[in-house]
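For reference, the chains in residue letters:
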Amino acid sequence: MTAGTLPEHTTPGAPPGETRRAHLAVRRPRLVLVVAVMLAVLGGLAAGPAFDRLAAGGFDDPGSESTRTARRISADLGVQAPDVLVLYSSDDKTVDDPGYRSAVEEVTARLRTHPEVRGVEGFFDRSAPAYVSPDKRQTYLAIRL
């Protein structure tokens, strides 16, 4: 080997161990496959007990907007436990605008025709201020399935 040349077993720019692993994979593919399968099986065996310790829920972010909204609904209206919250928002109209109101009421009426929908409640049903933002540009529907 002369100065400035690389040995045959190296690749320019490749980390030293990476070249050796690549050559091993090419020369001994069955060995690499057996080791990979063994590692997968061992990983599965090691992870098996973890499933008994995992919780199926409790993944709510206490600081998220949806969690805060759900808490506010419960505090203001009692426990409603809506399955879906639909937010309506306008940059230039308020809930007092007839166009805004008719758009929300049209969707509300369509939702109530679906048999899987147990209930739909919103500002226009109860005139409850809890369903409207302070600037009256946002309102929501609480849907129970």
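Higher on the page you've got the structure.
What you see is a predicted model, and the numbers here were worked out from it, not measured in a lab.

About the thresholds
- Residues numbered from 1 in each chain as written.
- Predicted model: local features only at pLDDT ≥ 70, side-chain atom pairs only at ≥ 80, totals over all residues.
- Heavy atoms only, no water.
- Patch = residues over 30% accessible without salt bridge, like charges linked within 9 Å, V, L, I, M, F, W, Y side chains within 5 Å.
- Areas by Shrake-Rupley, 256 points an atom, 1.4 Å probe, with all protein chains shown as cover.
- Salt bridge = Lys/Arg side-chain N within 4 Å of Asp/Glu carboxyl O.
- Helix = DSSP H or I, 4+ residues; strand = E, 2+ residues; numbered from the N terminus.
- Buried < 20%, exposed > 50% of the residue type's maximum accessible area, 1.4 Å probe, protein only.

K.L.:
Is there a simple way to think about a nonpolar patch on the surface in this case?
P.N.:
Where nonpolar side chains cluster on the molecular surface, the patch consists of Leu-24, Leu-31, Val-32, Leu-33, Val-35, Val-37, Leu-39, Val-41, Leu-42 and Leu-45 and spans about 890 Å² of accessible area. Structurally, Leu-42 can be placed in helix α2 (residues 29–47). Assessed through its relative accessible area of 52%, Leu-42 is described here as exposed.

K.L.:
Whenever I open this one, the pattern of salt bridges confuses me. Can you help?
P.N.:
It is possible for side chains bearing opposite charge to pair when their charged atoms get close. Evaluation of the coordinates by the stated rule reveals six salt bridges. With a closest N to O distance of 3.3 Å, Asp-76 and Arg-72 form a salt bridge. Linking Asp-76 with Arg-72, this pair stays in helix α4 (residues 65–77), spanning four residues, or about one helical turn. Of the residues examined, Asp-76 reaches a relative accessible area of 43% and is grouped as partly exposed. Where Glu-121 meets Arg-144, a salt bridge forms, and the shortest distance between an N and an O atom there is 3.8 Å. With Glu-121 in strand β2 (residues 119–122) and Arg-144 in strand β3 (residues 138–144), this pair connects stretches of sequence that are 23 residues apart.

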